[in-house]
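Read off the chains here:
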Amino acid sequence: MRVLVTGGAGYLGSHTLLELMALNYEVCVLDNYSNATPEVLSRVRSLSNGTVTDYTGDVRDDAMLDRVMAEFRPDAVIHFAGLKAVGESAEKPLYYYDVNVGGTLAVVRAMERAGCNRIIFSSSATVYGEPTYLPYDEAHPTTPKSVYGQSKLMAERILTDWTVANGAASAVILRYFNPVGAHISGQIGEDPSDIPNNLMPYIAQVAVGKRDVLTIFGDDYDTPDGTGLRDYIHVVDLARAHVAALGYAVRHTGARPFNIGTGQSYSVRDIVAAFGRACGAEIPVRQAPRRVGDIAAMQADAGRAMRELNWKATHTLDDMTVSTWKWQSGNPDGYTR
Ligand code: NAD
Ligand code: UDP
């Protein structure tokens, strides 16, 4: 099976390439390197000992998409390419809608022109917004609080309407919870280009001495230790969910959302303690007020993915922190950009 992976040089895409190649899928990447470096694909090639066809280009470029479709003739597309910073999305809403909504629209239109009917889409648990109940299942109301979340929900809508009009089409919508961790080799991992917004990469940079102290945002939430609870999912488990989703897309038409999480949640303090165990040193922390826009707790009901995709997360919290530390300590400055 030939799979076009947009955004394949990114954090989630690169790990997914390795899982696909291990199972002999033929892969092709389209990436504009706005948040990645070609070095990622060199590492993927050497780790897999396989071939990755790659195109440098933008998913909003129709001519480029037509060229990739004609030359690679994918049986399915995994659409990772997009922007993901919640704070930045409020400052640059038009840019976010252009890339995340316009980019998805362009990809699906190119698929339609080429007769490619299967897409796996990177959505986010942030589409749910403030929980009316937890754990979130896929029927939970979707009222995203950010431009980023709205852009993901709009893209989901486009895909859903496409499959209604095109009876042969299949769109598997994966709503990721909090992806963390790195490949077991320590050769690929998350490489934020700026100050990390997310907890795990921030802690990793403190542990390696690039930042002085982790700021814990809020200790007065209605949670057991007062800090925020999240459902962290190991990136390799998440990558494997895409393989499972491809199988599902072959067997089903229509659009279907799936939560990709573990069904377990950990607090900020749990993560700090686990990282301390992984790196063998205490992580310095300071307490600060809540971060604007944060919610107290998020947790997936991952039952649908288990039942219908036949997929389940298997990595533990220690797997997440140990692999992050292996990547960060071996690559203190990330990839050389
Ligand atoms: P990432 O930034 O590491 O990867 C995205 C990749 O897409 C990068 O390689 C970037 O260069 C590329 N890209 C961006 N805009 C492009 C464009 N217009 N044309 C072509 N390529 C483009 O991010 P990631 O963490 O790997 O996330 C992948 C997807 O998953 C994104 O759509 C993101 O919104 C979604 N997601 C991520 C998380 C997370 O916490 N990492 C959570 C939920 C959803
Ligand atoms: N967090 C924190 N300090 C940081 C980054 C995050 O205390 O420097 C907290 C944040 O308030 C939340 C949890 O860690 O409770 C996860 O945050 P992250 O940004 O990684 O994920 P998201 O909030 O998008 O789910």
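Data block above holds the structure.
All of the points below concern the structure found in this document. (Residues numbered from 1 in each chain as written. Chains lettered and ligands numbered in written order. Predicted model: local features only at pLDDT ≥ 70, side-chain atom pairs only at ≥ 80, totals over all residues. Heavy atoms only, no water.)

## Looking at the overall build of the protein
Now for step 1: The helix and strand tally for the protein stands at eleven helices and 13 strands.
Now for step 2: In terms of overall size, the protein behaves like a compact globule, its C-alpha atoms giving a radius of gyration of 19 Å where 337 residues would be expected to give roughly 20 Å.
Now for step 3: Considered along the principal axes of its C-alpha atoms, the protein spans approximately 55 × 45 × 40 Å.
Now for step 4: Taking all 337 residues of the protein together, 55% fall into the buried category.
Now for step 5: For the protein, the share of sequence-separated contacts (at least 6 apart) that also reach a separation of at least 24 residues comes to 79%.
Now for step 6: With the model as given, the accessible surface of the protein reaches about 14200 Å², and the carbon-plus-sulfur share is 49%. (Helix = DSSP H or I, 4+ residues; strand = E, 2+ residues; numbered from the N terminus. Rg over C-alpha atoms; globule rule 2.2 N^0.38 Å. Buried < 20%, exposed > 50% of the residue type's maximum accessible area, 1.4 Å probe, protein only. Contact = heavy atoms within 4.5 Å. Areas by Shrake-Rupley, 256 points an atom, 1.4 Å probe, with all protein chains shown as cover.)

## A look at the pattern of salt bridges
Now for step 1: Enumeration over the complete set of coordinates arrives at 17 salt bridges.
Now for step 2: Among the ionic pairs, Arg 45 bridges to Asp 54, the shortest N-O distance being 2.8 Å.
Now for step 3: Residue Asp 54 is classed as partly exposed on the basis of its relative accessible area, which comes to 34%.
Now for step 4: Between Arg 67 and Glu 71 there is a salt bridge; the shortest N-O distance is 3.3 Å. Of the two residues, Arg 67 and Glu 71 both sit in helix α3 (residues 62-72), four residues apart, roughly one turn of that helix.
Now for step 5: Relative accessible area serves as the criterion here: at 43%, Arg 67 is assigned to the partly exposed category. (Salt bridge = Lys/Arg side-chain N within 4 Å of Asp/Glu carboxyl O.)

## So, the side chain of Arg 304
Now for step 1: Looking at the element boundaries, Arg 304 is found in helix α10 (residues 303-309).
Now for step 2: Within the local environment of Arg 304, its side chain forms a polar contact with the backbone oxygen of Pro 257, the two atoms lying 2.8 Å apart. (Polar contact = N/O pair within 3.5 Å; in protein donor to acceptor, adjacent residues only side chain to side chain.)

## Observations regarding the site of ligand 1
Now for step 1: Close contacts around ligand 1 come from 28 residues, with Leu 12, Asp 31, Asn 35, Phe 80 and Lys 84 the closest.
Now for step 2: A distance of 2.9 Å separates an oxygen atom of ligand 1 from a polar backbone atom of Tyr 11.
Now for step 3: Between an oxygen atom of ligand 1 and a main-chain N or O atom of Leu 12, the distance comes to 2.8 Å.
Now for step 4: For ligand 1, whose accessible area on its own is 820 Å², the fraction buried by protein is 95%.
Now for step 5: Broken down by secondary-structure element, the contributors of at least two residues to the shell around ligand 1 are α1 (11-22), β5 (118-124) and α6 (147-165).
Now for step 6: Its residues placed into classes, the shell around ligand 1 shows 13 nonpolar, ten polar and five charged. (Near = heavy atom within 4 Å. Nonpolar A, V, L, I, M, F, W, Y, C, P; charged D, E, K, R; others polar.)

## Focus on helix α8 (residues 235-251)
A turn of α-helix holds 3.6 residues, and therefore any two residues three or four places apart point the same way.
Now for step 1: If you check α8, its first and last C-alpha atoms are 25 Å apart, about what 17 residues at 1.5 Å a residue would give, namely 24 Å.
Now for step 2: The buried fraction of α8 amounts to 13 of the 17 residues, a majority that puts the element mostly inside the structure. (Expected span 1.5 Å × (residues − 1).)

## Some words on the site of ligand 2
Now for step 1: The local shell around ligand 2 holds 14 residues, among which Leu 199, Thr 215, Arg 230, Arg 291 and Asp 294 are the closest.
Now for step 2: Within the backbone of Asn 197, one N or O atom sits 3.5 Å away from an oxygen atom of ligand 2.
Now for step 3: Within the backbone of Leu 199, one N or O atom sits 2.9 Å away from an oxygen atom of ligand 2.
Now for step 4: Protein burial of ligand 2: of its 520 Å² of free accessible surface, 89% is covered by the chains.
Now for step 5: The leading source of residues in the shell around ligand 2 is strand β8 (residues 214-217), at four residues.

## Remarks on the packing of helix α9 (residues 268-279) against helix α11 (residues 317-330)
Now for step 1: Contact geometry of α9 with α11 gives a least axis separation of 9 Å together with a crossing angle of 55 degrees. Judged by the angle between their axes, α9 and α11 are oblique. As α9 runs across α11, the sense of the crossing is right-handed. Residues Asp 270, Ile 271, Ala 274, Phe 275, Arg 277, Ala 278 and Cys 279 of α9 lie in contact with α11, whose contacting residues are Leu 317, Asp 318, Thr 321, Val 322, Thr 324 and Trp 325.
Now for step 2: Here the contact of α9 with α11 is built from residues that sort into eight nonpolar, two polar and three charged. (Axes fitted to C-alpha atoms, helices over the stretch in contact; angles between N-to-C directions. Parallel < 35°, antiparallel > 145°, perpendicular 65-115°, else oblique. Left-handed = near helix turned anticlockwise from the far one by under 90°.)

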